[in-house]
Amino acid sequence: MKKLKRYRFFFILLLGLLIIAFINQSIAMKTIQITGKSILDMLFLLPPIFILVGLLDQWVKKESLIQYMGEKSGIYGVFFTLLLATVAAGPLYIAFPIAVLLLKKGASVRYIVFFLGAWSTVKLPVLVYELTSFGSKFTLIHICFGLVFYYLTGILFEKIYSKQKLIKYDITKEV
Amino acid sequence: MISGIILYTIATIYFGVSFIKDKHKTKEAILNSWKMFHNVLPDLLAIMFFIGLALSLLTPSLISSIIGESSGLLGIIYSTIIGSIALVPSFIVFPLGHTIIQHGAALPQVAVLMSTMMSVGLVTLSMEQKTFGRSFAYARNISAIIMSLIFALIIGVVMT
């Protein structure tokens, strides 16, 4: 029962879809089409990301992650964070559990904010698409401004939020 | 597609190396990966469903008519509100943005719509709160809205 409860939003939406199907079948068909395609895309992209995160958790020592993303990692931290954030595909909420893991391993709050910002701004898998449909000027403004903005936000947030306060939740624990 | 293949290749190589080095650790890692996947799955399915529903109700021509060339500041506000509903993956956002521009939407409005779609999510806020606590989740979303608005302003000044 508890397991089913976690799917309650899914079932509510399913009910909504059934109601729409009675009123307008073409909208319902379109919904199924778009939803089905994006769920398949996700199910295809997620397993390798989660496997890599799981392996990272087991193998990367706290000391080495502190070196790469800790408070004193400097320009190294920027590049490492950028690499982690931009190669993985997927929506931002996939990045939340990864961010918590990095925090626990010793990454500083500044780079976590930067990580989340970069994740939502630059995605290498769709970069080519952005370039071809919106042009290089648009893409360049988007990326450069976004990254600078989120880096500065990171510096600001680091002063407000302590790391201990943010680590509340264990991604590998059953909820 | 290509990025998927690259990801699978990298994951397979690391998995293989890890398995040869330490079977127990690898098993633990895969078990944790599975739990992570299992934890996000209900939210993920619901969000995907919600996006599918929203995109078929809000058709590109409807969105374009709300945020057309002459929609101005009001168009920016509407884009911000529509974009902030849910976090949408970038591989949906960019094609959608491209389509609504072809339907006559204005570039700064589309910029703020795409940017907020990728970084601001009211539907996912409860999930974000569970992860980082309320204050941080709100602050992050607010900062993302500010970023999107300034980004649209720059696009408006430089490109139109």
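Scope of this entry: the structure provided in the associated data block. Remember, it's a predicted structure, so these values are computed and weren't measured experimentally.

1. Some points on the overall build of chain A
Line of reasoning, step 1. Looking only at helices and strands, chain A has nine helices and zero strands in total.
Line of reasoning, step 2. Mapped from its N terminus to its C terminus, chain A presents α and β elements in the order α-α-α-α-α-α-α-α-α.
Line of reasoning, step 3. Reported as C-alpha extents along the three principal axes, the dimensions of chain A are approximately 60 × 50 × 30 Å.
Line of reasoning, step 4. Considering only intrachain contacts with a sequence separation of at least 6, the fraction spanning at least 24 residues in chain A is 75%.
Line of reasoning, step 5. Split by element, the accessible area of chain A, about 9,000 Å² in all, is 71% carbon and sulfur.
Line of reasoning, step 6. Taking the average location of the 20 positive side-chain charges in chain A and that of its 8 negative ones, the two points are 6 Å from each other.

2. Structural notes on the packing of helix H6 (residues 92–104) of chain A against helix H7 (residues 125–132) of chain B
Line of reasoning, step 1. Closest axis-to-axis distance for the H6(A)/H7(B) pair is 10 Å, and the angle between their directions is 5°. In terms of axis orientation, H6(A) runs roughly parallel to H7(B). Contacts between H6(A) and H7(B) involve A:Tyr93, A:Phe96, A:Ala99 and A:Val100 from the former and B:Met127, B:Glu128, B:Thr131 and B:Phe132 from the latter.
Line of reasoning, step 2. Here the residues of the contact of H6(A) with H7(B) are counted per class, giving six nonpolar, one polar and one charged.

3. Focus: a nonpolar patch on the surface
Residue and element names in this part refer to chain B.
Line of reasoning, step 1. On the surface, Leu 62, Ile 66, Leu 73, Leu 74, Ile 77, Tyr 78 and Ile 81 cluster together into a nonpolar patch covering about 650 Å² of accessible area.
Line of reasoning, step 2. Elements with a contribution of two residues or more to the nonpolar patch: helix H3 (60–66) and helix H4 (72–83).
Line of reasoning, step 3. Ranked by the residues each element gives to the nonpolar patch, the list is headed by H4, at five residues.
Line of reasoning, step 4. Positionally, Ile 81 belongs in helix H4.

4. Details of the interface of chain A and chain B
Line of reasoning, step 1. Listed per partner, the contact involves 73 residues of chain A and 77 residues of chain B.
Line of reasoning, step 2. Taken together, the two surfaces of chain A and chain B that pack against each other cover about 7,400 Å², and 78% of this comes from carbon and sulfur.
Line of reasoning, step 3. Per-residue buried area on chain A facing chain B is highest for A:Trp59, A:Tyr93 and A:Phe138; these three make up 10% of the total on that side.
Line of reasoning, step 4. Taken together, chain A and chain B are joined by zero salt bridges.
Line of reasoning, step 5. There are seven residue pairs in polar contact (both at pLDDT 80 or more) connecting chain A and chain B.
Line of reasoning, step 6. Breaking the side of chain A that touches chain B down by element, the ones donating at least two residues are helix H2 (8–23), helix H3 (25–59), H6, helix H7 (109–121) and helix H8 (124–160) of chain A.
Line of reasoning, step 7. Tallying contributions element by element places H3(A) first for the side of chain A that touches chain B, with 25 residues.
Line of reasoning, step 8. Residues that form the side of chain A that touches chain B fall into these classes: 50 nonpolar, 12 polar and 11 charged.

5. With respect to the packing of aromatic side chains
Two measures describe an aromatic ring pair: the distance that separates the ring centres and the angle between the ring planes.
Line of reasoning, step 1. This structure, assessed with the given rule, holds 20 aromatic pairs over all chains.
Line of reasoning, step 2. A ring pair is formed by A:Phe134 and A:Phe138, whose centres lie 5.0 Å apart and whose planes are at 25°; its orientation type is stacked. Of this pair, A:Phe134 and A:Phe138 both sit in helix H8, four residues apart, which is roughly one turn of the helix. Both residues of the pair, A:Phe134 and A:Phe138, count as buried.
Line of reasoning, step 3. Centre to centre, the rings of A:Phe145 and A:Phe149 are 5.8 Å apart; their planes meet at 45°, and the pair counts as tilted. Taken as a pair, A:Phe145 and A:Phe149 lie in helix H8 at a separation of four residues, close to a single helical turn.
Line of reasoning, step 4. Given a relative accessible area of 15%, A:Phe149 falls into the buried group.
Line of reasoning, step 5. Within the aromatic cluster, the residues linked to one another by ring pairs are A:Phe96, A:Phe157, A:Tyr161, B:Phe132 and B:Phe136.
Line of reasoning, step 6. Between the NZ or CZ atom of A:Lys123 and the centre of the ring of A:Trp119, over which it lies, the distance is 3.7 Å.
Line of reasoning, step 7. The cationic tip of B:Lys21 hangs over the ring face of A:Trp59; the distance from NZ or CZ to the ring centre is 5.9 Å.

Calculation criteria
Residues numbered from 1 in each chain as written. Chains lettered and ligands numbered in written order. Predicted model: local features only at pLDDT ≥ 70, side-chain atom pairs only at ≥ 80, totals over all residues. Heavy atoms only, no water. Helix = DSSP H or I, 4+ residues; strand = E, 2+ residues; numbered from the N terminus. Contact = heavy atoms within 4.5 Å. Areas by Shrake-Rupley, 256 points an atom, 1.4 Å probe, with all protein chains shown as cover. Lys, Arg positive; Asp, Glu negative; His and termini not counted. Charge placed at Lys NZ, Arg CZ, Asp CG, Glu CD. Axes fitted to C-alpha atoms, helices over the stretch in contact; angles between N-to-C directions. Parallel < 35°, antiparallel > 145°, perpendicular 65-115°, else oblique. Nonpolar A, V, L, I, M, F, W, Y, C, P; charged D, E, K, R; others polar. Patch = residues over 30% accessible without salt bridge, like charges linked within 9 Å, V, L, I, M, F, W, Y side chains within 5 Å. Salt bridge = Lys/Arg side-chain N within 4 Å of Asp/Glu carboxyl O. Buried area = accessible area lost by both parts, 1.4 Å probe. Polar contact = N/O pair within 3.5 Å; in protein donor to acceptor, adjacent residues only side chain to side chain. Phe/Tyr/Trp six-rings, centres within 6.5 Å; stacked < 30°, edge-to-face > 60°. Buried < 20%, exposed > 50% of the residue type's maximum accessible area, 1.4 Å probe, protein only. Lys NZ or Arg CZ within 6 Å of the ring centre and 35° of its normal.

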